[in-house]
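Structure at a glance
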Amino acid sequence: MKDHYSFLVVGSGLFGAVFAHEAIKKGHSVLMIERRGHIGGNIYTEKRDGIDIHVYGAHIFHTSDKGIWDYVTSLVPFHTFINSPIANYKGRILNMPFNMNTFSRMWDIATPDEAMARIAEQRSEIKGEPRNLEEQAISLVGRDIYEILVKGYTEKQWGRSASELPPSIIKRLPVRFTYDNNYFNDTYQGIPDEGYTGLIEKLLEGVDVLTGEDYLERRGYWDSLADRTLYTGCLDRLYGYEYGKLQYRSEIFKEERIEKENYQGVAVVNYTDRETEWTRIIEHKHFARHSSPVTWISREYPVDYEKTDEPFYPINDDANNALYLRYRERAEKEERLIIGGRLADYAYYDMDKTVMQALRKAQMCV
């Protein structure tokens, strides 16, 4: 550890790691501190029984931006992974995203025309502008798809009845009238061969990294060690919740080692009924086709942010967005402070957008 650095980076997730990597490439010195006991933020992976465990949920890198794909694959090798999750509704198995395989099993039909007619008929029950998420979803995909594949999952995810949620949460629901189970439409899709932790380690070569250090406990001290600080955490926490707390939903991940080679036959199963407590079960070995006599699964339980103190999904309603803007305006007045990443931006980003925004921020500041 040096006496002084060009940049202090608070948070070792993908945004902070890309920014730090670009700073090192330009000849700057970087100190990174991380509150958790490991690097990588929510894309952290660790190996157990030869299997890469996605500790904070499934992460598949997908993009149609060749420049971004070339950037990450130049750092570490990736293997192609096509996400083809299935839905389990009270033991009934249906394909995700909504496509002809789904509609064929749901309605015993075979052609796109039949599926479009069925959806159009059911959508017509909503008259006028949708007043809540339930009406919005039905107006997009009809009653059957809503009841079986949207309602229960969404209510578990947000902890509220769909009729009490604003329609803005669901702006669109992807519907495909082809027999295609590929969840993403992007050109490039894959996962690092050695897990995401290997990608972060590569990005952080040349960076001094300290884990288990909370920036906010000694902000003045940490800031004194660098010319500028990149902060990737929650802005309300940065300012001691002075204007109030931003709202998030969180997740609890319960892992289980199972003494069998194959538990569910696919990486991701969504449980879309309201009664099942968890939203998803992930079987990690299927992300890389690991060969192992045992397997690891994770069940995901959505919970209130207060239960974990780990923010995952911002609740971007009007009140929270207005509160966030107050914090952002304050942060932007600090000349030596740089902010960025999903928490500092109070937004949910796919990984390719995170890389893109980190590169742009580095171009502006490094």
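The residue count restarts for each chain, going from 1 along the sequence in the order it is written. Restriction of local features to residues with pLDDT of at least 70 applies here, the model being predicted, together with a cutoff of 80 or more for giving and counting side-chain atom pairs; totals for whole chains, interfaces and linings are based on all residues. Derived side-chain values reflect all non-hydrogen atoms in the structure, with water molecules and hydrogen atoms excluded from consideration.

1. Quick notes on helix α1 (residues 14-25)
For the α-helix, the turn length of 3.6 residues means that residues three or four positions removed from each other point alike. Over its twelve residues, α1 runs 16 Å from end to end, which matches the ideal 16 Å to within 8%, given 1.5 Å per residue. Exposure classes here rest on a 1.4 Å probe applied to the protein chains alone. A residue is buried below 20% of its type maximum, exposed above 50%, and partly exposed in between. Helix and strand assignments come from DSSP, with helices taken as H or I runs of at least 4 residues and strands as E runs of at least 2, each series counted from the N terminus. Of all twelve residues that make up α1, ten are buried, and the element is covered over most of its length. Listed in full, the buried residues belonging to α1 are Leu 14, Phe 15, Gly 16, Ala 17, Val 18, Phe 19, Ala 20, His 21, Glu 22 and Ala 23. Two residues or fewer past α1, Gly 27 is found with a positive phi of approximately 90°. By this rule the span expected of a helix is its residue count minus one, scaled by 1.5 Å.

2. Section: the packing of helix α4 (residues 112-123) against helix α5 (residues 133-141)
In a pair of packed helices, the angle between the axes and the distance between the axes together describe the arrangement. Relative orientation of the contacting elements α4 and α5 amounts to 145°, with a least axis distance of 7 Å. The segment α4 lies against α5, with Ile 119, Gln 122 and Arg 123 engaging Ile 138, Ser 139, Leu 140 and Val 141. Residue polarity is assigned by list, with Asp, Glu, Lys and Arg as charged and Ala, Val, Leu, Ile, Met, Phe, Trp, Tyr, Cys and Pro as nonpolar; anything else, Gly included, falls into the polar class. Grouping the amino acids of the contact of α4 with α5 by side-chain chemistry returns four nonpolar, two polar and one charged. What counts as an axis is a line fitted to C-alpha atoms, over the stretch in contact for a helix, and the angles between N-to-C directions run from 0 to 180 degrees. Here, residues are in contact when the closest pair of their heavy atoms is within 4.5 Å.

3. Observations regarding the side chain of Ser 250
Along the chain, the position of Ser 250 falls in strand β12 (residues 248-258). Residue classification places Ser 250 among the buried positions, given a relative accessible area of 0%. Separated by 2.6 Å, the side chain of Ser 250 and the backbone oxygen of Glu 310 make a polar contact. The residues touching Ser 250, leaving out its near neighbours within four places in the chain, are Tyr 301, Pro 302, Val 303, Asp 304, Tyr 305, Thr 308, Glu 310 and Phe 312. Definition of a polar contact: a pair of N or O atoms within 3.5 Å, with one able to donate and the other able to accept a hydrogen when the atoms are protein atoms, and with sequence-neighbouring residues admitted only if both atoms are side-chain atoms.

4. Some details on unusual backbone geometry
Across the junction of Met 96 and Pro 97, the peptide omega takes the value -10°, indicating a cis bond. Relative to the elements of secondary structure, Pro 97 occurs in the loop between β8 (92-95) and α3 (100-107). Here the phi dihedral of Asp 49 falls at roughly 55°; this positive angle occurs in a residue that is not glycine. With respect to the helices, strands and loops of the structure, Asp 49 is situated in the loop between β3 (45-48) and β4 (51-54). The class of Asp 49 is partly exposed, set by a relative accessible area of 37%. With phi around 55°, Lys 90 is a residue other than glycine that occupies positive phi space. Its location among the elements puts Lys 90 in the loop between β7 (86-89) and β8.

5. What about the nonpolar core?
Among buried residues, those of type Ala, Val, Leu, Ile, Met, Phe, Trp, Tyr and Cys that are joined through side-chain atoms within 4.5 Å constitute a nonpolar core. Core analysis: the largest hydrophobic core is formed by 45 residues, its most contacted members being Leu 14, Phe 61, Leu 203, Phe 287 and Val 355. Filtering out sequence-adjacent residues up to four positions away, Leu 203 remains in contact with Leu 14, Ala 17, Val 18, His 21, Tyr 71 and Leu 75. Within the second largest apolar cluster, 27 residues are counted, among which are Tyr 231, Leu 238, Leu 246 and Leu 343.

6. Notes on helix α6 (residues 143-158)
A bend of about 45° at Val 150 is the largest found in α6. Along α6, the residues classified as buried are Ile 145, Tyr 146, Ile 148, Leu 149, Val 150, Gly 152, Tyr 153, Thr 154, Glu 155, Lys 156 and Gln 157. Just downstream of α6 lies Gly 159, where phi reads positive at about 70°. Throughout, the bend at a residue refers to the angle made by two axes, fitted to the seven residues ending there and to the seven starting there.

7. Focus on the environment of Gly 142
Along the chain, the position of Gly 142 falls in the loop between α5 and α6. In this structure the C-alpha to C-alpha distance between Gly 142 and Leu 165, which are 23 residues apart in sequence, comes to 18 Å. Residues in contact with Gly 142, not counting those within four places in the same chain, are Ile 119, Gln 122, Arg 123 and Ala 137.

8. Here we look at the sheet that holds strand β10 (residues 208-211)
The strand order across the open sheet formed by five strands is β10-β2-β1-β11-β17, and the pairing between neighbours is parallel. Of all the strands in the sheet, the pair left with one neighbour each is β10 and β17 (337-339). Across the sheet, the axes of successive neighbouring strands diverge by a mean angle of 20°, strand direction being ignored. Pairing between strands is defined by DSSP: at least two bridges between the two strands are required. When strand β1 (residues 5-10) meets strand β2 (residues 30-34), the two strands line up parallel, connected through four bridges. Counterpart to Phe 7 in the pairing with β2 is Val 30. Here α1 sits on the sheet and contacts β1, β2, β11 (226-231) and β17; the angle it forms with β2, its principal contact strand, is near 165°.

9. Section: the sheet that holds strand β5 (residues 61-63)
Hydrogen bonding along the main chain pairs the strands of a sheet, whether they run parallel or antiparallel. Read from one edge to the other, the open sheet built from three strands follows the order β5-β9-β6, with strand pairing classed as antiparallel. Each of the sheet's edge strands pairs with one partner strand only, and the pair in question is β5 and β6 (78-80). Taken over all neighbouring pairs, the strand axes of this sheet differ in orientation by 35° on average, direction set aside. When β5 meets strand β9 (residues 188-192), the two strands line up antiparallel, connected through three bridges.

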